[in-house]
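# Understanding the architecture of this molecule
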Amino acid sequence: MLYAIFGVQTFLQRDLELRNLSLFNRRKGFSYLFQKSLLFPFSISFFLSQGFIYLFLLSSRKSSSPAAIMSSSSPKMITLQSSDGETFEVEEAVAMESRTIKHMIEDDCANSSIPIPNVTSNTLTKVIEYCKKHVEAKSDEEGLKSFDAEFMKIDKDTLYDLLMASNYLDIKSLLDLGCQTVADKIKGKNPEEIRKEFGIKNDFTPEEEEEIRKESPWVFD
Amino acid sequence: MGKYIPLHLITEILSKLPVKSLLKFRCVSKSWLSVIWSPQFIKAHLKDHASEDNQRLLILGNFGSFKHCSLKSLMYGEPSPRLITLDIPIPLADERSGRGASSTEHISWYGPVRIVGCCDGLICISVTRASQSDFILWNPSIRKYKKLPNLGLPSTASLNRVWGFGYDSFSDDYKAVILVKQCSINGEGLRVETRVYSRKSEAWRRIADFPSTPRYTSPSSGVLVNGKLHFLAHKKVRGRIIVSLDLATETYGEMEEPNHYESDVCVTLSEIEGILLYFINPFPGPFARGGDLWVMKEYGGSWTKVLTFQHEPSGPCCPKLLSVSAEGELLMRECVGIELYSSGEGKSFRLLKEIYNVLDAYCFTESLVLPSTHDSNCNDNMKPIKF
């Protein structure tokens, strides 16, 4: 969720831009600047006005959030079928987190149930759990961060299955999360451990490998 | 047991790894080696590491001492995060006489070292010896460097340290720009030439001259925003102007200053997260006014003043704005150290107390970008990192 902190100068004589003084509003790596009057340092009214603006923005953000759609009818449900035959009913908004499924729905191929041949029911359950949370709590950045951290506390097999599933289903955020988790797990390993981890055959001769190691000996300490 | 993960997924995982791990994993297999050194991967890796978390602060001190630390821990955590020292690559004197360039020894004497610019993990530095400047393109993360060919300037030319380094997305090339002042012998007057080095061509070229009317401020390093290098200059009569050099078209343009300030302030340009900033600091003194910070939110649009503050520089030179924290604190480089100004408290704090002389500072990220597109042209500098 993006939040902006404004400093409102209640005793302004000059006309500086008031709305949208928040600079660099980004999801990650954000930085903000707030305005300070040269003539009047911190005062209580500053705090109050700051708090008021913050609350105002918070409420306006919530009401305009696309996740809270006011629809009188119940949300459309989509049926997904895993590779081992189990079916899952999910809301359309949740299913659309997967671009693969989104295209299928848009191309009108999703009449009865959508088969997901590459993904088992265990993995699909986890994927749906992830997408559900990310649709429901879309604006809660902190909450999503802690959810993601907990969600990734899984064993290696499940993690790799999730990676392949999110790649097939084209769910970028889950793919990035999975890849980052794997990256953090392997970054300290040495090449032999990496080969074991991914089942990779070493196709270098010992001389070739030594050549490469000699190029950057400091990383092997 | 290893599950089979296809190579394109492996590539996604690899692009999130730090440079040190990637250098290690080059010897896993031939396909991994070719992935890691491929230009597309290097770009993807750069993109994945562009966030604030991965930024480092590079500090240049006296005698060519380069140190860096994590920018995030500096601004949000400890006032003295761990500093890593870099070994500067200085080519041997022999190289200048043309006798081979692959030795890894370093000579022990050299003159002033300055940073021309910093971009995508590549640092362009200038080393001056016996009034001759050598330029070096250096990636300290992979410890490779390339000495640029000599500029070949006549004796009437002089360098005033007005230069820059940046990435030209149009031709996918890294370019170093040096302004050369030419005094004409037969009294034609002064001319400021522009020399450009491109990583692809590995040669210097002369391009359009610097516009004659504004007088550039020296020394200064061009600030790269939107593919253009920006320099501060003074108009003929009074007032300041920003001169921009488009790296793609290699032509000059001009931009107005946000507001007219008299000459009792020092002005610097900065770039943070792709936005151009105009940073004004008062000179210390009894009549010192406050400082201002302007930003150009949309490139080419108008300036917006976002901060007014009371901060006086603690040294004789202009502070340079390096970064802004989430709470609106300003991280600045003063010549006596790195300071964090908090507008909430109305004063600044010295960070990294062991550093008391800062010639220059830049934010940089570790990357795999090579100093030369032909790997064989890069020299390695291999001394271990000192802690």
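Criteria and thresholds
Per chain, residue numbering runs from 1 following the sequence as it is written. Numbering of ligands from 1 and lettering of chains from A proceed in the order in which they are written. In keeping with the predicted nature of the model, local features appear solely for residues at pLDDT of at least 70, side-chain atom pairs appear and are counted solely at 80 or more, and the whole-chain, interface and lining totals rest on all residues. The basis for every side-chain value is the complete set of non-hydrogen atoms in the structure, without hydrogens or water. UniProt positions are given in the numbering used here, feature names are shortened, and annotations may be inferred rather than shown by experiment. Helix and strand definitions follow DSSP, with helices as H or I runs of at least four residues and strands as E runs of at least two, each counted in order from the N terminus. Three labels apply to residues, based on accessible area from a 1.4 Å probe with only protein chains included: buried if under 20% of the type maximum, exposed if over 50%, partly exposed otherwise in between. Working rule for contacts: check all heavy atoms of both residues, and any pair within 4.5 Å makes them a contact. Residue-level accessible areas treat just the shown protein chains as cover; the underlying method is Shrake-Rupley with a 1.4 Å probe. Here a polar contact means two N or O atoms within 3.5 Å. Within protein one must be a hydrogen donor candidate and the other an acceptor candidate, and residues neighboring in sequence count only if both atoms are side-chain atoms. Working convention: axes come from line fits to C-alpha atoms, limited for helices to the stretch in contact. Angles between N-to-C directions cover 0 to 180 degrees. An angle counts as roughly parallel when it lies under 35 degrees, as roughly antiparallel when it exceeds 145, as roughly perpendicular when it falls between 65 and 115, and as oblique in every other case. Under the scheme applied here, ten amino acids are nonpolar (Ala, Val, Leu, Ile, Met, Phe, Trp, Tyr, Cys and Pro), four are charged (Asp, Glu, Lys and Arg), and all others, including Gly, are polar. Criterion used throughout: strands pair if DSSP finds at least two bridges between them. Each crossing gets its handedness from the near helix: less than a right angle anticlockwise from the far helix is left-handed, clockwise is right-handed.

The name an unreviewed UniProt entry gives chain B is F-box/kelch-repeat protein At3g23880-like, with Coffea arabica as the organism.

Within an unreviewed UniProt entry, the label attached to chain A reads SKP1-like protein 1A, and the organism entered is Coffea arabica. Checking UniProt for chain A, the heading Sequence similarities (unreviewed entry) contains the comment "Belongs to the SKP1 family." Listed under Pathway (unreviewed entry) in UniProt, the entry text for chain A is "Protein modification; protein ubiquitination."

The next point concerns the overall build of chain B. A count of helical and extended segments in chain B gives six helices and 27 strands. Buried residues in chain B amount to 55% of all 387 residues. Contacts spanning at least 24 positions in sequence make up 51% of the contacts within chain B whose residues lie at least 6 apart. Summing over all exposed atoms, chain B offers an accessible surface of approximately 16,100 Å²; the carbon and sulfur share of this is 52%.

This paragraph deals with the environment of S166(A). Residues and elements named next belong to chain A. Residue position: S166 is located in helix α6 (residues 156–169). If near-sequence neighbours (up to four positions away) are discounted, S166 is found in contact with I171, L174 and L175. Here L163 takes part through its backbone oxygen, which lies 3.0 Å from a polar atom of the side chain of S166.

Okay, the UniProt feature "domain: F-box" (unreviewed entry) in chain B next. The UniProt feature table records "domain: F-box" (unreviewed entry) at residues 5–45 of chain B. Counting secondary structure, residues 5–45 of chain B comes out at 71% helix and 0% strand; the distance between its end C-alpha atoms is 19 Å.

Time to look at the packing of α6(A) against helix α1 (residues 7–14) of chain B. Look at α6(A) against α1(B): their axes get within 11 Å of each other, and the N-to-C directions meet at 105 degrees. What the angle tells us is that α6(A) and α1(B) run roughly perpendicular. Residue-level contacts link L163(A), M164(A) and N167(A) of α6(A) to H8(B), L9(B) and I13(B) of α1(B). Classifying every residue of the contact of α6(A) with α1(B) by side-chain character gives four nonpolar, two polar and no charged.

Turning next to the sheet that holds strand β9 (residues 173–183) of chain B. The strands that make up a sheet pair up through hydrogen bonds in the backbone, lying either parallel or antiparallel. Residue and element names in this part refer to chain B. Pairing in this open sheet of five strands is mixed, and the strands run β11-β10-β9-β8-β13 from one edge to the other. Lying at the two open borders of the sheet, with one neighbouring strand each, are β11 (203–207) and β13 (220–221). Where β9 meets strand β10 (residues 190–198), nine bridges bridge the pair, whose relative direction is antiparallel. Across the sheet, K175 pairs through a bridge with S198, a residue of β10.

Here the focus is unusual backbone geometry. Residue and element names in this part refer to chain B. Located in the positive-phi region is R161, a residue other than glycine, with phi close to 60 degrees. Here R161 is to be found in strand β8 (residues 157–168). Phi is positive for D172, which is not a glycine, with a value near 50 degrees. Mapped onto the fold, D172 is located in the loop between β8 and β9.

The residues that UniProt annotates with the feature "domain: SKP1 component dimerisation" (unreviewed entry) are residues 172–218 of chain A. The span residues 172–218 of chain A is 70% helix and 0% strand, and its two end C-alpha atoms sit 35 Å from each other.

Residues and elements named next belong to chain A. On the basis of which strands lie adjacent, the open sheet formed by three strands has the order β2-β1-β3 and mixed pairing. The open sheet terminates on both sides in strands that have one partner only, identified here as β2 (87–91) and β3 (113–115). If you compare each strand with its neighbour and ignore which way they point, the axes differ by 30 degrees on average. In this structure, strand β1 (residues 77–81) lies alongside β3, joined through three bridges in parallel fashion. Its bridge partner being in β3, Q81 is matched across the sheet by P115. Contacting β1 and β2, helix α4 (residues 121–136) crosses the sheet at an angle of about 10 degrees to β2.

This brings us to the pairing of strand β6 (residues 132–139) of chain B. Residues and elements named next belong to chain B. The buried fraction of β6 amounts to six of the eight residues, a majority that puts the element mostly inside the structure. Taken together, the seven bridges between strand β5 (residues 122–129) and β6 define a ladder with antiparallel strand orientation. Directly across from S126, in β6, lies its bridge partner F135. As consecutive antiparallel partners, β5 and β6 are separated by two residues, and within that stretch A130 has a phi angle of approximately 50 degrees, a positive value. Two elements, β6 and strand β7 (residues 144–147), share four bridges in a ladder whose sense is antiparallel.

All names here are of chain B. With respect to the element layout, K320 can be found in strand β22 (residues 320–324). In this structure the side chain of K320 is engaged in a polar contact, spanning 3.5 Å, whose partner is the side chain of D360. The residues touching K320, leaving out its near neighbours within four places in the chain, are T268, S270, L331, M332, R333, D360, A361 and Y362.

Residue and element names in this part refer to chain A. As a packed pair, α4 and α6 sit with axes 10 Å apart at the nearest point and diverge in direction by 70 degrees. On the basis of the axis angle, α4 is roughly perpendicular to α6. Remark: the crossing between α4 and α6 carries right-handed chirality. Here α4 contributes T123, L124, K126 and V127 to the contact with α6, which in turn contributes D161, L162, A165 and L169. A class-by-class count of the residues in the contact of α4 with α6 yields five nonpolar, one polar and two charged.

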